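# Results of the structural survey
Residue-level listing of the chains:
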Amino acid sequence: MTPKGAATSGTGILMAEKKKKLPKQLAILDEDLCTGCDACVAVCPVDCIDKISDPSHPGYAMGICSIDLPVCIGCKLCAQICPWDVITMVPTNQVLLAPEFAGQIA
Ligand code: SF4
Ligand code: SF4
C-alpha cells in the first residue's frame, strides 16, 4: 500500500511532496502596531493568521496577530481589511532576502 503523498517508482517509494510554489507577494504584519482586532483573521481564506499565544512575546498583552508565511497565498484580503494598515503586501523576493524572515519560508 502506498502512503498518501508518496509515489512508487521502479526503485522504490519516492516522496512526491513538492515544494509549494510561492506567491508573488506575502502579507507582512507589523506586530508593534497590531491592535488584535481580529478583522484579518476572519477574512484569511487559508486560515494562516493567528492570535499570538506566547506570553513572553512583547505584544502578548494586547492580543496581537501573527501570519504563518509559508501558508500565505498572497491574496491581500487581510491588508485590505485591516483598519490600521498594519499589514503590507511585500514582494516575495524581498521577503526571502530579509534577514528577519530567514528560514521561515523556503
Ligand atoms: S494575504 Fe491572504 S492568505 Fe496571506 S495572510 Fe493575508 S488573507 Fe491570509
Ligand atoms: S486587522 Fe490589523 S489590527 Fe486587526 S488584528 Fe489584523 S493586523 Fe491587527
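Residues numbered from 1 in each chain as written. Chains lettered and ligands numbered in written order. Predicted model: local features only at pLDDT ≥ 70, side-chain atom pairs only at ≥ 80, totals over all residues.

A few words on the overall build of the chain. The helix and strand tally for the chain stands at 3 helices and 6 strands. Ordered by position in the sequence, the α and β elements of the chain form the string β-β-β-α-β-β-α-β-α. Taking all 106 residues of the chain together, 17% fall into the buried category. A fraction of 67% describes how many contacts in the chain between residues 6 or more apart in sequence connect residues 24 or more apart. (Helix = DSSP H or I, 4+ residues; strand = E, 2+ residues; numbered from the N terminus. Buried ≥ 20, exposed ≤ 12 C-beta atoms within 10 Å, placed from the backbone. Contact = placed C-beta atoms within 7 Å.)

This next bit is on the site of ligand 2. Taken together, 13 residues are adjacent to ligand 2, and Cys 34, Cys 37, Ala 39, Cys 40 and Cys 82 come closest. Partitioning the shell around ligand 2 into residue classes produces 10 nonpolar, 2 polar and 1 charged. (Near = placed C-beta within 6 Å. Nonpolar A, V, L, I, M, F, W, Y, C, P; charged D, E, K, R; others polar.)

Once that is clear, we can look at the site of ligand 1. In the vicinity of ligand 1 lie 14 residues, with Ala 27, Cys 44, Cys 72, Cys 75 and Cys 78 positioned nearest. Class assignment for the residues of the shell around ligand 1 results in 12 nonpolar, 1 polar and 1 charged.

Attention now moves to the environment of Asp 38. Along the chain, the position of Asp 38 falls in the loop between β3 (25–29) and α1 (39–43). On the basis of neighbour counts, which here come to 12 C-beta atoms within 10 Å, the residue Asp 38 falls in the exposed class. Once the C-alpha coordinates of Asp 38 and Cys 82 are considered, the two residues, 44 residues apart in sequence, prove to be 8.8 Å apart.

Attention now goes to the nonpolar core. Of all hydrophobic cores here, the largest spans 17 residues; its most connected members are Ala 27, Leu 29, Cys 40, Cys 78 and Ile 87. When contributions to this core are tallied by element, the ones reaching two or more residues are β3, β5 (65–67) and α2 (77–81). Per element, the largest residue contribution to this core is 3 residues, and it comes from β3. Ignoring sequence-local partners within four residues, the contact set of Cys 40 consists of Ile 49, Cys 65, Cys 78, Ile 81, Cys 82 and Ile 87. (Core = buried A, V, L, I, M, F, W, Y, C linked by C-beta atoms within 7 Å.)

Moving on to the confidence of the model for the chain. One rule of thumb: low pLDDT means the predicted coordinates there are not for detailed reading. Scored by pLDDT, the chain comes out at a mean of 82, with 81% of its residues at no less than 70. Confidence drops under pLDDT 50 across residues 1–17; counting only partners more than four residues distant or on other chains, this segment forms 12 contacts. (pLDDT = per-residue confidence, 0-100.)

Of all 5 residues making up β3, 4 are buried, and the element is well covered by its neighbours. The pairing of β3 with strand β6 (residues 87–91) spans 5 bridges and is classified as antiparallel. Residue pairing in the sheet places Ala 27 in a bridge with Met 89 of β6. (Pairing = 2+ DSSP bridges.)

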